[in-house]
Amino acid sequence: MEFLDVVRRRKTTNGPFLPDPVSEEHQRLLIEAASRAPSQLNSQPWRFVVIEQRETIERIAQISGESMTEVMSNGTFFERYKPYFRFSQAEMEQKRSGMLFDKLPAVLRPFTSQVFTSRGQKLMNSLGVPKTLGAENAKLVAGSPLLLAVMLDRSEYRPGELSSFYSVFSMGAAMENIWLTTVELGMGIQFISFPMEAPGRWDEIIELLHVPGDLELMAVYRLGYLPAEQRRPAIDWSSSQRKLPSQFVFRETCETPEQRWDG
C-alpha cells in the first residue's frame, strides 16, 4: 500500500473488532513502527505494555463503561466538548472540524436540539441514556483482543520543563506510526479516553497495570482486526474540488542535515 494511501485511510474505529487475537508478528510490527518515530536526541521516552489477558481487558472495559456513564449523566462530557459538535452538514463544511451529531450513537439522536440544556440532560438521565452508552462502551472495549498502554519515562516527562514537551511530542509521533500501521495490517484502533474524564478512575487502571513509579501512564488504546467490509476503501484524492481543512497553512521550508535534531 502506498504511504499516502495509508495516511488517507487512517480512521478511529468506533465499532467492534473481530475476535481473532492479534498475531505476534503484527504486534512486533506495531512496536517496531513506534520505535522508528522521531524523538528529541533519540531519547525514545515511550514505553509500551501489550495487554492480552482477558481478565485485565474486561476490568479496563468495566472502568471505561462506568466512567462514560458518569460523565454522560453529570453533564461534564457535553459541557467540555460542545465546541466540537456539529448539527448539520453545512456546519461541518463551514467549520472543517468536529463531529457531525448524526454520527453519534443512535440513542443520543432524539436529543439533538436539547443536548446542551439542563432539561435535555435530565430527560436523558431519566431514560437511562448514559447507562446504555456506558454499557455499549464497556462491551466494545471488552470485545477487543488487544489493548496497548503507553507510558513515558518520568526522567524525560517532567511537567513544567521543556523535556516534558519533547517527550509528549515524541510519544504522539510514535502513536501516529502505530495508527498508520494498523491500516496496513487491516486493523482498527481507538483511544480509551473515558477513564481519564472521571475523577479517580485513571488511578484504578494505573494500579491494575502495576505501573512503576518511574513511568507515567499516558494513554490506553484498543486494537483488533476489522471485518473485511469495514476496512476503509481507497479514496480518490485527485479531485481538484477536495478541500483542505481551513487551519492548513502552507509555508516554504528548507531542511538541511544540520537542522535535524530529532535523532
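The rules behind these values
Residues numbered from 1 in each chain as written. Predicted model: local features only at pLDDT ≥ 70, side-chain atom pairs only at ≥ 80, totals over all residues. Heavy atoms only, no water. Salt bridge = Lys/Arg side-chain N within 4 Å of Asp/Glu carboxyl O. Helix = DSSP H or I, 4+ residues; strand = E, 2+ residues; numbered from the N terminus. Buried < 20%, exposed > 50% of the residue type's maximum accessible area, 1.4 Å probe, protein only. Contact = heavy atoms within 4.5 Å. Arc of directions from axis to C-beta. 1 Å grid on protein atoms, 1.4 Å probe; cavity = no way out; pocket = protein on both sides within 12 Å on 5 of 7 lines; lining within 4 Å. Points joined across faces, edges and corners; volume = space filled by probe spheres on them. Nonpolar A, V, L, I, M, F, W, Y, C, P; charged D, E, K, R; others polar. Core = buried A, V, L, I, M, F, W, Y, C linked by side-chain atoms within 4.5 Å. pLDDT = per-residue confidence, 0-100. Phe/Tyr/Trp six-rings, centres within 6.5 Å; stacked < 30°, edge-to-face > 60°.

### Remarks on the pattern of salt bridges
When the charged atoms of two side chains with opposite charge come close together, those side chains can pair.
Logical step 1: Evaluation of the coordinates by the stated rule reveals 12 salt bridges.
Logical step 2: Taken together, the shared-partner salt bridges in this structure form one network comprising R59, E66, R201 and E204.

### Focus: the side chain of Q121
Logical step 1: Note on placement: Q121 falls in helix α6 (residues 118-126).
Logical step 2: Residue Q121 is classed as buried on the basis of its relative accessible area, which comes to 11%.
Logical step 3: Once residues within four sequence positions are removed from consideration, Q121 is found in contact with M72, S73, G75, F78 and Q114.

### Section: the environment of G134
Logical step 1: By the secondary structure assignment, G134 is in helix α7 (residues 129-142).
Logical step 2: Judged by its relative accessible area of 3%, G134 falls in the buried class.
Logical step 3: If we skip the residues at most four places from it in the chain, G134 touches G65, M68 and T69.

### Considerations on helix α10 (residues 201-208)
Logical step 1: For α10, the complete set of buried residues consists of R201, W202 and I205. Down the axis of α10, the smallest arc covering the buried residues is 110°, so these residues share one side. In α10, the exposed positions angled more than 90 degrees off the buried face are occupied by D203 and E207.
Logical step 2: Those residues of α10 that are buried are in contact with α3 (54-73), α9 (194-197) and β6 (215-225).
Logical step 3: Once α10 ends, the next one or two residues include H210, with phi positive near 55°.

### Quick word on empty space enclosed by the protein
Logical step 1: With the rule as written, the count across this model stands at 1 cavity of 30 Å³ or more.
Logical step 2: Quantified by volume, the largest cavity comes out at close to 30 Å³.
Logical step 3: Lining the largest cavity, in full, are Q27, L30, I31, V50, L146 and L148.
Logical step 4: Those elements giving two or more residues to the lining of the largest cavity turn out to be α2 (24-35) and β4 (146-153).
Logical step 5: When residues of the lining of the largest cavity are assigned to their parent elements, the largest contribution, 3 residues, is made by α2.
Logical step 6: A per-class count over the lining of the largest cavity returns 5 nonpolar, 1 polar and no charged.

### Structural notes on the nonpolar core
Logical step 1: L30, M175, I178, M187, I189, Y221 and L223 are the most contacted members of the largest nonpolar core, which has 24 residues in total.
Logical step 2: Of all the secondary structure elements, the ones that give two or more residues to this core are α2, β4, α8 (162-184), β5 (187-191) and β6.
Logical step 3: With 6 residues, α8 is the largest single contributor of residues to this core.
Logical step 4: For I178, the contacting residues outside a window of four places in its chain are L30, A34, F48, L148 and I189.
Logical step 5: If you look at the next biggest cluster of nonpolar residues, it comprises 17 residues, including I51, V141, A149 and W202.

### Details of the confidence of the model for the chain
Predicted coordinates in areas of low pLDDT are best not read in detail.
Logical step 1: The predicted model of the chain averages 85 in pLDDT, with 84% of residues at 70 or higher.
Logical step 2: Low pLDDT (under 50) marks residues 234-263, which in the prediction has 26 contacts with non-local residues, meaning those over four places away or in another chain.

### Quick look at the packing of aromatic side chains
Logical step 1: Taken as a whole and judged by the stated rule, the model has 9 aromatic pairs.
Logical step 2: Between F77 and F78 the ring centres are 5.4 Å apart and the planes differ by 80°, which places this aromatic pair in the edge-to-face class.
Logical step 3: Of the residues examined, F77 reaches a relative accessible area of 15% and is grouped as buried.
Logical step 4: Consider the rings of F191 and Y221, whose centres lie 5.4 Å apart with planes at 35°: the pair is tilted. Of this pair, F191 sits in strand β5 while Y221 sits in strand β6, and the two are 30 residues apart along the sequence.
Logical step 5: Relative accessible area serves as the criterion here: at 34%, F191 is assigned to the partly exposed category.

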